[in-house]
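Reading the structure
As a plain string of letters, each chain reads:
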Amino acid sequence: MLKTTFLLAGIFYLYTLQAQTEKLIYHTIQTDKGGKIIPWYNEEKGKAYSHAVQSVWHFWDTMRIDLNGLPYYMNHQVWKPGVNDPRGIGGDQFAMAMSSWRLLYAYTGDERLKDNMKLLADQTITNGLSSANSLWPNLPFPYNTLLYSGKYDGDMVLGKGFLQPDKAGSFGLELVLLSKLIGTNGYQSVVGNQYLSVAEEIANTLAQKTMDGDENHSPLPFKVNVVTGKNGPLLNNTKQNPANPKDIGLGEYTSNWTGTMDLFLELIKLKRGDSILYTRAFDRIIGWMKKYPLQNNRWGPFFEDISVWSDTQINAISFAQFMMNHTELFPGWKKEVPGIFNWVYTKLGNNKWNKYGVIVINEQTAYQTPGNSHTSREASAELQYVALSGDTALKENAVRQLNWATYMVDIDGKNRYPQDENWLTDGYGDYVRHYLRAMAALPELAITDEDHILSSTSVIQQADYKNQQNKFLVPDVSEVPVSKVVLHYRANDRSGEEQVYLQRKPSKVMMRNQVLNENTGIGLQEYHWFPLSKGGLLKVHRTSGSDITIIE
């Protein structure tokens, strides 16, 4: 009996040792006392998440210069050490990066993020728009058919002259938000208005081309030739999908329209362009989304290199996020959003790491491989649902999904799939934003020994953190020494709300020379302090100002 006990104990020890030495790409899997996965970098989640996103940005920012004098990520969709991948950029590569860098700027105040966003925008505007005389004018092409040309002029698989309208919509949205970031007053006004003008032209074309759609046709096509106006096939494949005879193989369908809808909404709010045209197009798209994908979970393609019908997680969860960002448009969102989550787990859930207490997410139905961006996107959306609904059932797995996805990031910041390549879409722009949104939804996940803006209903134009190298805190606050300033920031508009994680409760929060009241609860300019286990969350409510100074 004693020998049996020792034998069983030895087997258990060896099993535990094996689990503790199993590697996930770059790092040995770390677990808590219950055997559940924790981040590899640090057991404090906030430190691990902050390290991951800033390492990824550093890798991108210092990536090698390519043969044509542009950064490598301006020419390729896959990073490889010592050799240039022969493929051009990914379809949404630049818009994804701009989306993440805007959020990361507020989080860090790193001015290079602004410069990188401008580079991505300027290069596309200068060298990547369809002709104003074409049937689909003034839209960005998603691919450089001649690798080192510095020009974007087609689709990865269909070639020159083809583009993807859904990617045009997301890029147009990022131009609007970039114009807010750099400002449209003073010396930045010319550049900011240029970005807005291009965004209007993109919106005009998309709105004019928007149709009602049906079960097999989205309101705008997935791929189209800008010269002939004909929809392109997914690849060079016009055969029916034997799994579903209704899928005719043409690029007439996708549900990735959240960027386009938000583009219309932003321009309407700014009173730029043709609001009547944008409203009509918006109503058609959202009506179609509610009638078809939301009911039948036919989410369709996102990635341009898949030759057969595929339902993608990015389309489904992006729409779930849109619903949560616009709950006033979706009375049944509390049931409908979890319905989308359930579809994802049914079709794309991956149980390979279930022994570590986590279900991760595969990319799409036609390519069942676990993804860093897809798993972190799922986590951030589920945590947003937890924050909005108060239902915490999804919280535990979502946090472990974030833990799992940190293992994709090497010590130098490169970021890859567990079973695939180092995609410059999934590992960078479509990765960083999910962690930042997750921390905004659940501030207890924030790093506890640093101060950071976690979220804002506005766009943060300037963020100056204490002791930040090469920056100057210049708050317009009399009788407050700079040495006492924890953070000074400026939003793009005069009303809004920010969430700021702080290590300690501030002594004052000021809007220029006005000291804000704490917790008045009467809707005026004020701030609220919510203690956490370490530090706390500062919520600033603005109604008539954009500059905030936080005093230690």
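In case you missed it, the structure is sitting above this.
Now for a description of the structure that goes with this document. (Residues numbered from 1 in each chain as written. Predicted model: local features only at pLDDT ≥ 70, side-chain atom pairs only at ≥ 80, totals over all residues. Heavy atoms only, no water.)

On the secondary structure map, W57 appears in helix 2 (residues 45-61). Accessibility expressed as a relative area gives 6% for W57, which makes it buried. Remark: the alpha-carbon pair of W57 and G429, spanning 372 residues in sequence, is separated by 8.9 Å. (Helix = DSSP H or I, 4+ residues; strand = E, 2+ residues; numbered from the N terminus. Buried < 20%, exposed > 50% of the residue type's maximum accessible area, 1.4 Å probe, protein only.)

The strand order across the open sheet built from 5 strands is 12-15-20-19-18, with neighbouring strands paired in mixed fashion. On the outer flanks of this sheet lie strand 12 (452-456) and strand 18 (517-518), each paired with one strand and no other. As paired elements, strand 15 (residues 496-502) and strand 20 (residues 536-542) share 7 bridges and run antiparallel to each other. If you follow G496 over to strand 20, its bridge partner there is R542. (Pairing = 2+ DSSP bridges.)

Right, let's get into the environment of H452. Following the sequence through the fold, H452 ends up in strand 12. The class of H452 is buried, set by a relative accessible area of 6%. With near-sequence residues (within four places) excluded, H452 lies in contact with S50, Y107, I447, Y465, Q499, V500 and Y501. At 2.5 Å, the side chain of H452 forms a polar contact with the backbone oxygen of Y107. (Contact = heavy atoms within 4.5 Å. Polar contact = N/O pair within 3.5 Å; in protein donor to acceptor, adjacent residues only side chain to side chain.)

This brings us to the nonpolar core. Soluble, globular proteins show a tendency: their nonpolar side chains are buried together. Grouped together as the largest cluster of nonpolar side chains are 144 residues, with contacts concentrated most on W101 and F319. Among the nonpolar cores identified, the runner-up in size contains 5 residues, and M96, F302, I306 and I314 belong to it. (Core = buried A, V, L, I, M, F, W, Y, C linked by side-chain atoms within 4.5 Å.)

Strand pairing within a sheet occurs via backbone hydrogen bonds; the two strands may be parallel or antiparallel. Pairing is antiparallel in the open sheet, where 5 strands are placed in the order 13-14-21-16-17. In this open sheet, the two strands that pair with only one neighbour each are strand 13 (460-465) and strand 17 (514-515).

Attention now moves to the pattern of salt bridges. Applying the stated criterion to the full structure yields 27 salt bridges. Residue R542 pairs with D493 through a salt bridge whose shortest N-O separation is 3.8 Å. Within this pair, whereas R542 is found in strand 20, its partner D493 is found in the loop between strand 14 (485-491) and strand 15, the two being separated by 49 residues in sequence. Of the residues examined, R542 reaches a relative accessible area of 1% and is grouped as buried. Among the residues examined, D493 registers a relative accessible area of 28% and is labelled partly exposed. Salt bridges linked by common partners bring K80, D85, R87 and E421 together as one network. (Salt bridge = Lys/Arg side-chain N within 4 Å of Asp/Glu carboxyl O.)

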